Amino acid sequence: MAAAGRSWGRYPVTTEKVVALSDRHASLPKSDVPVLPLGNARSYGDSCLNDGGVLLAARGLDHFIAFDPASGTLTCEAGVLFSEILDLAVPQGWFLPVTPGTRFVTVGGAIANDVHGKNHHRAGTFGHHVLAFELLRTDGTRLRCTPTENAEWFAATVGGLGLTGVVTWAAIQLRRIAGPWMSAENHRFGNLSEFFELSRASDRDYEYTVSWIDCVASGKALGRGLFSRANHAPASPDSRPAAGNRTLGVPFTPPISLINPLSLRAFNQLYYHRQRKSVVHATTHYQPFFYPLDSIANWNRIYGPRGFLQYQCVVPPEAAETAMAELVSTISAGGAGSFLAVLKQFGDKPSPGMLSFPRPGATLALDFPNGGAPTLALLDRLDAIVDGVGGAVYPAKDARMSGAHFRRYFPQWEAFSRFVDPGISSSFWRRVTE
Ligand SMILES: Cc1cc2nc3c(=O)[nH]c(=O)nc-3n(C[C@H](O)[C@H](O)[C@H](O)COP(=O)(O)OP(=O)(O)OC[C@H]3O[C@@H](n4cnc5c(N)ncnc54)[C@H](O)[C@@H]3O)c2cc1C
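How each quantity is defined
Sequence order as written defines residue numbering, which begins from 1 separately in each chain. Since the coordinates come from a predicted model, pLDDT governs what is reported: local features require at least 70, and pairs of side-chain atoms require 80 or more to be given and counted, while whole-chain, interface and lining totals use all residues. Note that the side-chain values use all heavy atoms of the structure and ignore hydrogens as well as water. The term salt bridge refers to a pairing of a side-chain nitrogen on Lys or Arg with a carboxyl oxygen on Asp or Glu at a separation within 4 Å. A run of DSSP states H or I qualifies as a helix once it reaches four residues; a run of E qualifies as a strand once it reaches two. Both are numbered from the N-terminal end. Residue exposure (1.4 Å probe, protein chains only): buried if accessible area is under 20% of the type maximum, exposed if over 50%, otherwise partly exposed. To define a nonpolar core, start from buried Ala, Val, Leu, Ile, Met, Phe, Trp, Tyr and Cys residues and group those joined through side-chain atoms within 4.5 Å. Here, residues are in contact when the closest pair of their heavy atoms is within 4.5 Å. Space inside and on the surface of the protein is sampled on a 1 Å grid over the protein atoms alone, with a cavity defined as a set of points where a 1.4 Å probe fits but cannot get out and a pocket as an open set with protein on both sides within 12 Å along at least 5 of 7 lines; lining residues have an atom within 4 Å of a point. Grid points are joined across faces, edges and corners, and a volume is the space filled by probe spheres set on the points. Gly is placed with the polar residues, together with every amino acid not listed as nonpolar (Ala, Val, Leu, Ile, Met, Phe, Trp, Tyr, Cys and Pro) or charged (Asp, Glu, Lys and Arg). Here a residue is near a molecule or strand as soon as one of its heavy atoms is found within 4 Å of it. Counted as a polar contact is a pair of N or O atoms within 3.5 Å, where, for protein atoms, one must be capable of donating a hydrogen and the other of accepting one, and residues adjacent in sequence contribute only when both atoms are in side chains. Per-residue and other accessible areas follow the Shrake-Rupley method at a 1.4 Å probe size, with only the shown protein chains counted as cover for residues. For helices, the fitted axis covers only the stretch in contact; all axes are lines through C-alpha atoms, and the angles between them, taken along N-to-C directions, range from 0 to 180 degrees. In these notes the angle categories are as follows: under 35 degrees is roughly parallel, over 145 is roughly antiparallel, 65 to 115 is roughly perpendicular, and the rest is oblique. Left-handed describes a crossing in which the near helix is turned anticlockwise from the far one by less than a right angle; the clockwise case is right-handed. Two strands are counted as paired when DSSP detects at least two bridges linking them. Any pair of cysteine sulfurs within 2.5 Å is marked as a disulfide.

**Concerning the pattern of salt bridges**
Okay, step 1: Considering all chains together, one arrives at 17 salt bridges under this definition.
Okay, step 2: As a salt-bridge pair, E321 and R200 come within 3.7 Å of each other at their nearest N and O atoms. On the criterion of sequence distance, the pair formed by E321 in helix α8 (residues 320-334) and R200 in helix α5 (residues 192-202) is long-range, its members being 121 residues apart.
Okay, step 3: By relative accessible area, which is 51% here, R200 ends up exposed.
Okay, step 4: D398 is the salt-bridge partner of R431, the closest N and O atoms lying 2.8 Å from each other. In this pair, R431 sits in helix α12 (residues 427-433) while D398 sits in the loop between β21 (392-393) and α10 (403-409), placing the two residues 33 residues apart along the sequence.
Okay, step 5: For D398, a relative accessible area of 2% translates into the label buried.
Okay, step 6: A single network of salt bridges, built from pairs that share partners, joins D46, D380, D383, D398, R400 and R431.

**Some remarks on the nonpolar core**
Okay, step 1: Counting 110 residues, the largest nonpolar core has I85, F133 and L364 as its most contacted members.
Okay, step 2: Those residues within four positions of F133 in sequence are excluded, and the remaining contacts are I111, L143, R144, C145, W153, F154, T157, V158, V167, W169 and A170.
Okay, step 3: Core analysis: the second largest hydrophobic core is formed by eight residues, W8, Y44, L264 and F339 among them.

**Some words on empty space enclosed by the protein**
Okay, step 1: Tallying each qualifying case throughout the model produces one cavity of 30 Å³ or more.
Okay, step 2: Approximately 50 Å³ is the volume found for the largest cavity.
Okay, step 3: In terms of lining, the largest cavity is formed by A112, N113, G159, L161, L355, S356, F357, Y394 and P395.
Okay, step 4: Here the residues of the lining of the largest cavity sort into six nonpolar, three polar and no charged.

**Considering the site of the ligand**
Okay, step 1: Close contacts around the ligand come from 34 residues, with P37, R42, S43, T106 and Y394 the closest.
Okay, step 2: G109 places a main-chain nitrogen or oxygen 2.9 Å from an oxygen atom of the ligand.
Okay, step 3: Contact distances for the ligand include 2.7 Å between an oxygen atom and a side-chain N or O atom of Y394.
Okay, step 4: The fraction of the free accessible surface of the ligand (970 Å²) that becomes covered by protein chains is 95%.
Okay, step 5: Looking at the shell around the ligand residue by residue, the class counts come to 19 nonpolar, 13 polar and two charged.

**Quick look at the packing of α5 against α8**
Okay, step 1: Their axes nearest at 10 Å, the elements α5 and α8 cross at an angle of 135 degrees. Taken as axis vectors, α5 and α8 run oblique relative to one another. Once α5 is placed against α8, the crossing between them reads as right-handed. Side by side, α5 and α8 meet where L192, S193, F196 and R200 of the first sit next to A320, E321, M324, A325 and V328 of the second.
Okay, step 2: Its residues assigned to classes, the contact of α5 with α8 shows six nonpolar, one polar and two charged.

**Concerning the side chain of R137**
Okay, step 1: Here R137 shows up in the loop between β8 (130-136) and β9 (142-145).
Okay, step 2: Only 2.8 Å separates the side chain of R137 from the backbone oxygen of T164, close enough to count as a polar contact.
Okay, step 3: Those residues in contact with R137, other than ones at most four positions away along the chain, are L28, W153, T164, F419, V420, D421 and P422.

**Re the sheet that holds strand β16 (residues 279-285)**
Okay, step 1: Spatially, β16-β12-β14-β13-β19-β20-β18-β21 is the arrangement adopted by the eight strands of the open sheet, whose pairing is antiparallel. Looking at strand neighbours, the two that pair on one side only are β16 and β21, the edges of this open sheet.
Okay, step 2: Bridge count between strand β13 (residues 208-213) and strand β19 (residues 341-346): two bridges; the pairing is antiparallel. Each bridged residue has a counterpart across the sheet, and for W212 the counterpart in β19 is V342.
Okay, step 3: The strands touched by helix α9 (residues 373-388) within the sheet are β18 (308-315), β20 (361-369) and β21, with β18 carrying the most contacts at an inclination of about 10 degrees.

**Comments concerning the state of the cysteines**
Okay, step 1: Tallied over the full model, the rule gives zero disulfides.
Okay, step 2: Take C48: it sits in no disulfide, and the sulfur closest to it among the cysteines is that of C76, at 20 Å.
Okay, step 3: The class of C48 is buried, set by a relative accessible area of 8%.
Okay, step 4: Free of any disulfide, C215 has its nearest cysteine sulfur in C313, 13 Å distant.
Okay, step 5: The class for C215 is buried, based on a relative accessible area of 1%.

Here you go:
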């Protein structure tokens, strides 16, 4: 079946044939055109798209294989969603070792992008907690990969953008928790220097740290925002009802983007001032803490039919404060802003994948409505700043970085290409390597 391919950013729109995988023991379908594994399409740009080719939809590989509640070791097929793991594990006192800001990603997708979360400074990336997986190549070869067995294939596949083969199953180590609650604190900060101070002061005692910044503010308030830090709460004596996220939804795509300079300015002002006290303590359920956006189904539709572009970069520690100031003032001056601007400091645990994005430094992620050439020109200006200090842009969020930039951000790309399955390619890979 040919279908219009869309990633989470709904840009670009591609055409591919979709073939569903449902049996991990079966070989991959034969194809004359390149294939690409697909998870739950929560990547924003074109790394999960394959224009003119075939998408192997792995979501149908959705079985749990084994779970040991004593050790927290879980083995499951690669199409299992993080939300399904949480439903199984949290009532038994276990949690994901690392989770991105949505629980609707598959295990295979999380491995292929070596995803990170609010605990990167403590736990590293998702790949650090992968014990083993099976890699199925288009020639029918199956490789069992662990950090020590077929270790090169392990390193190429973790963060390998689905290009080395299809992950059919994986074993992961979960993390112990006492219950579903989080002890959280939100601090209001007035500018970027205050953010860096709070971040440095929090990393030792808090497992999770992240902040939202007002990317419209300028001058002395440049980079002001709300800093959130949290730990899993100890078992609570009062057994509160497990508060799931109430889900609202955007039922259709409006004809134009609802995000424009006026609505952005108003949102950023209101959001910054929604917290009147400088510090607020709260015990909160893990769902709204980790996945605030999951409570609005299809929130990506608010950007209208042209979609949006996400930009996530990392800049090295020594350049972090000045480069962040330059990035935020470029965005604020462009007036293009974002209502979702997230700033965090990564830790220094080396990532396990050859092409993993996380590395020491500060990372900033923002959404931009797709306004065509001016938006692309703004993102090029951001790239010049990131490239100038030796940083990188995250392929899972990208739809437009140049090949030259990709190759500078990921100098290991040539060594990595030796592991690319000759039958596999993606729109992203062709764009940055051809
Ligand atoms: C609201 C939101 C918040 C997010 N927050 C974060 C965050 O905090 N940190 C972060 O790191 N990311 C974040 N992301 C991005 C997301 O975590 C990644 O893009 C993730 O990889 C998506 O997983 P998926 O299952 O949807 O995979 P897809 O997007 O479908 O595919 C991602 C990649 O995985 C490959 N792939 C999929 N399945 C397999 C398989 N079985 N075998 C081999 N390769 C496979 C694909 O080829 C593709 O290259 C966020 C995304 C959203 C929408």
